[in-house]
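# Fold and contact review
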Amino acid sequence: MKQLICALGAFALSAFPAIAQKTATDKPPLEVEVLRTSAGSLYSNVALIKGEHKAVLVDPPFTMADAHRAVAMVLDSGRELETIFVTHDHPDHFFAMEVLTDAFPNAKVVAHPVVVADIWRSLPFKVKRWSPMLGANGPKTPTAPAALDGDSFMLEGHELKVIGPMQGDHVHATALYAPDIDALFAGDLLYNEMYLWFGEHGRKEIRDWGKAIDELAALNTELVVAGHSKPGLANDPSSLAYSRGYIDFWLEASRKAKNSEDLRAMIMEQYPDSIDVLGDFLLGNSSKVTMGEEPRWTE
Ligand SMILES: [Zn+2]
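Keep in mind it's a predicted model, so treat the numbers as computed, not measured. Counting restarts for each chain, with residues numbered from 1 along the sequence as it is written. For a predicted model such as this one, the threshold for reporting local features is a pLDDT of at least 70, and the threshold for listing and counting side-chain atom pairs is 80 or more; totals across whole chains, interfaces and linings nevertheless cover every residue. With hydrogens and water set aside, each side-chain value is computed from the structure's full complement of heavy atoms.

## Re the overall build of the chain
The way it works is that DSSP assigns letters per residue, a run of H or I at least four long becomes a helix, a run of E at least two long becomes a strand, and they are numbered from the N terminus. Counting its regular elements, the chain contains 9 helices and 13 strands. Projected onto its principal axes, the C-alpha coordinates of the chain cover approximately 80 × 45 × 35 Å. For every residue, the accessible area (1.4 Å probe, protein chains only) is compared with the maximum for its type, and the residue is labelled buried under 20%, exposed over 50%, or partly exposed between those bounds. Counting all 299 residues of the chain, 51% fall into the buried class. The long-range share in the chain, meaning contacts at least 24 apart out of those at least 6 apart in sequence, stands at 70%. We call two residues in contact whenever any of their non-hydrogen atoms come within 4.5 Å of each other.

## What to know about the environment of H93
In this fold, H93 is placed in the loop between β4 (80-85) and α4 (97-103). Remark: the alpha-carbon pair of H93 and L184, spanning 91 residues in sequence, is separated by 16 Å. Residues in contact with H93, not counting those within four places in the same chain, are S44, D59, P60, V86, T87, H88, D188, G227 and H228.

## A short note on the pattern of salt bridges
Think of it this way: side chains of opposite charge can pair up when their charged atoms draw near. Just to be clear on terms, a salt bridge is a Lys or Arg side-chain nitrogen sitting within 4 Å of an Asp or Glu carboxyl oxygen. Evaluation of the coordinates by the stated rule reveals 16 salt bridges. Note that R121 and D118 form a salt bridge whose closest N and O atoms lie 3.2 Å from each other. One end of the pair, R121, and the other, D118, are both in helix α5 (residues 113-134), 3 residues apart, so they sit about a helical turn from each other. Taking the relative accessible area as the measure of exposure, D118 reaches 4% and is therefore buried.

## Observations regarding the packing of aromatic side chains
Here is the rule: rings of Phe, Tyr and Trp (six-membered ring for Trp) pair when centre to centre is within 6.5 Å. Planes less than 30 degrees apart are stacked, more than 60 are edge-to-face, and the remainder are tilted. According to the stated counting rule, one finds 17 aromatic pairs in the structure shown. Ring centres of F198 and W250 lie 4.8 Å apart, and the angle between their planes is 55°; on these two criteria the pair is classed as tilted. Residue F198 is located in the loop between β11 (191-192) and α6 (203-217), and its partner W250 is located in helix α7 (residues 238-256); the two are separated by 52 residues in the primary sequence. Across the pair, exposure class does not vary: F198 and W250 are buried alike. Ring plane angle 40° and centroid distance 5.8 Å describe the contact between Y242 and Y246, whose orientation is recorded as tilted.

## A closer look at the nonpolar core
Each nonpolar core is a collection of buried residues, namely Ala, Val, Leu, Ile, Met, Phe, Trp, Tyr and Cys, held together in the definition by side-chain atoms within 4.5 Å. Counting residues in each nonpolar core, the largest one holds 73 residues, and the members touching the most others are L57, L81, L216 and Y246. Looking at this core element by element, the count peaks at 7 residues for α7. Core analysis: the second largest hydrophobic core is formed by 17 residues, I49, V110, F153 and V162 among them.

## As for the coordination of the zinc ion
Under perfect tetrahedral coordination by four donors, a metal shows angles of 109.5 degrees; under perfect octahedral coordination by six donors, it shows angles of 90 or 180 degrees. Distances decide who is a donor: an N, O or S atom must be within 2.8 Å of the metal, or within 3.2 Å for Na, K and Ca. Water is not included, so sites may look incomplete. At 2.0 to 2.1 Å from the zinc ion lie its protein donor atoms, namely D92 (OD), H93 (NE2), D188 (OD) and H228 (NE2). The rule is simple: four donors are tetrahedral if all their angles sit between 85 and 135 degrees, four are square planar and six octahedral if opposite donors span more than 155 degrees and the others lie between 65 and 115, and anything that fits none of that is irregular. Angles of 88 to 159° at the metal separate the 4 donor atoms of the zinc ion, which places the site in the irregular class. If you list the donors of the zinc ion from N- to C-terminus, the spacing comes out as D-H-x94-D-x39-H. Taken together, the positions of D188 in the loop between β10 (183-185) and β11 and H228 in strand β13 (residues 228-229) put the pair 40 residues apart, joining distant regions of the chain. Across the pair, exposure class does not vary: D188 and H228 are buried alike.

This is how it looks when you write it as structure tokens:
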């Protein structure tokens, strides 16, 4: 009987040589780990994409404390940090990168060239705005990534594709797509159960953000890491449905609202479980800008 099973096994392999060969030489799949940062870093998500020996980190956090937590995640992974990718020019996605580059000096910090230009232009202004609030938890030597050459880079033979720049919570938002593992690292093109930032948007920009989400949804990825999530949520496509629905509701509600107070009340009623950061930074400023009670933020 044992001989028969062995014989069948040999037949199976020789009958399907292509399958046997693919299994033998296939690259081990990438794995993903996500650090949920603290309220101080506005609940941003820091993703670690892990190969067999090397790793890519997406979006260093805002505060030094959370950057140390990101260093711990990399050290615990046992991987060598090869690349740090920055999705866009908002300080909660790159500010404390010096903690990571000090710990892993061989890691290359990269972003789309448009994002790099945005960061260099706005960095002095950002340091002035945020340093007093951050105090010792803010970076000492904030800097910008290097410009990526091309629209993708590799991790141990797996392609990571940069999508965008497109309109998100920033006019030049990018995402990272790992087709081999059906994973999307959406940066601030997606939020989950948090109020969306419309402080830099007119109605057209809000509509364009919705269209960008439709493009991301068409990728049909199983794993979706939003730029910001309420603590405790999974990294799944629910952030696509949440952000898209929120944009549609906002456009509709802001047409009916008399003023920002009115708009805020409608949003809070529709999204009773969603959360804000820094007091009412997201919803407070976004509703005032949409209702014309506060000028649009430029950076
Ligand atoms: Zn953000």
